[in-house]
Amino acid sequence: MTTTVTDTPALTRRLTGFQPTGRLHLGNLLGALRPLIAAQDTTESIALIADLHAMTMDHDPSSVRRFALEQATVMLAAGVDPDRTPIVVQSQVREHTELHYLLECVAAHGEAARMIQFKEKSAAGGPIRLSLLTYPVLMAADILLYDTTQVPVGEDQNQHLELARTLAIRFNTRYGTTFTVPEGVRPDSAARIMDLAEPTTKMGKSTGTGRIGLLDPPEVIRRTIARAATDTIGLVRRDREHQPGVTNLIDILAELTGREPSDATSYATLKQEVTDAVEAVVAPIRARHAELAANPDLVRGVLAAGAEKVRPTAAATVRRARAGIGLLD
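Residue position: Asp329 is located in the segment after helix H11 (296–325). Judged by relative accessible area, which is 97%, Asp329 ranks as exposed. Distance from Asp329 to Arg319, taken between C-alpha atoms, is 8.1 Å for residues 10 residues apart in sequence.

In this section: the nonpolar core. In terms of nonpolar packing, the biggest core is built from 48 residues, with Leu26, Leu33, Ile87 and Val278 touching the most fellow members. Those elements giving two or more residues to this core turn out to be helix H1 (26–38), strand E3 (44–49), helix H2 (61–78), strand E4 (87–89), helix H8 (218–226), helix H9 (244–257), helix H10 (267–293) and H11. Per element, the largest residue contribution to this core is 9 residues, and it comes from H10. By size, the runner-up hydrophobic cluster in this structure holds 31 residues, among which are Ile46, Leu102, Leu144 and Val318.

Next up on the list: the pairing of strand E2 (residues 13–18). Among the 6 residues in E2, 5 count as buried, and that is most of the element. In the sheet, E2 pairs with E3 via 6 bridges, with the strands oriented parallel. In the sheet register, Arg14 faces E3, and the bridge partner there is Ser45. Chirality of the crossover, the property in question, places the unit of E2, H1 and E3 among those that are right-handed.

On to the confidence of the model for the protein. For the protein, the mean per-residue pLDDT works out to 92, and 95% of the residues sit at or above 70. Note on residues 1–11: pLDDT is under 50 here. Beyond four places in sequence and across chains, it has 26 contacts.

Along the chain, the position of Arg259 falls in the loop between H9 and H10. Arg259 gets classed as partly exposed once you look at its relative accessible area, which sits at 38%. Among residues more than four places away in sequence, those in contact with Arg259 are Leu253, Ala254 and Glu273.

The next subject is helix H3 (residues 95–104). Among the residues making up H3, those that are buried are Glu95, His96, Leu99, His100, Leu102 and Leu103. Its buried side turned inward, H3 meets E3, helix H6 (130–144), helix H7 (158–175) and H11.

Criteria and thresholds
Residues numbered from 1 in each chain as written. Predicted model: local features only at pLDDT ≥ 70, side-chain atom pairs only at ≥ 80, totals over all residues. Heavy atoms only, no water. Helix = DSSP H or I, 4+ residues; strand = E, 2+ residues; numbered from the N terminus. Buried < 20%, exposed > 50% of the residue type's maximum accessible area, 1.4 Å probe, protein only. Core = buried A, V, L, I, M, F, W, Y, C linked by side-chain atoms within 4.5 Å. Pairing = 2+ DSSP bridges. Right-handed = clockwise from strand over helix to strand, strands pointing away. pLDDT = per-residue confidence, 0-100. Contact = heavy atoms within 4.5 Å.

Shown next, in the form of structure tokens:
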């Protein structure tokens, strides 16, 4: 089955997920957070902190908890309104794991084993956790649990949405209409933000030396951008094949300011313009985060309220799935 991706406006409910495996960065802001915030007036959105997914690899338990709370705090600082967009920690809504198992009962081993993350990491050798194989089914449960109609997807996420759609259709066909079949929507941000040091690699939360964290101090941002990879061509232009570093810097500037650099701009000037643009956007988030981080109980309260808000929908979905698949009330 091929995932349908549409550029049409939101229909009903959108789910955007974040894994607490590191600090949120500029790519997360432009590719996920900004579209989520912009859609708050027109869609019924949920921001999901998928902490169970962080356990598919060796992890530090205290780090998972710390990053989950930090990510929620950054979301609030960036402008997510919890009254319109509940922020939910996956493990605090137990229906996620119950629906995960029910969906495993209609999923095939081959469907999970062909997922790119499992194929790449298992090919590298060493011990592989069973959860790495089955977490795409958990991701499907995350999506289907809330009658989600829209899932923002990038190129590297189409495969997961395709599995969610496949399992929903299969379950509905075998056991009666139970799940809403979600559609993919392209992120509102046209640019794919890459690592500044390795511009052929997507910017990541836990890897790479060219990431710009949303909580990075000004001197770190300046140093990271100053060290951004460019080339010896000397032309400020978009050419992803031959000038990936320069192209990445231009994309960042355009996304943050809505303008393109002059053709006469030097690499040094381009980097300075990008530095100024990043700091202008990040500074208010950093300041608001500091205020919120001083009151973690407030953030924990937001998460508790988010779980309570979405739990009725989650419980109703699991009841339908249990009844359809043959379990007693």
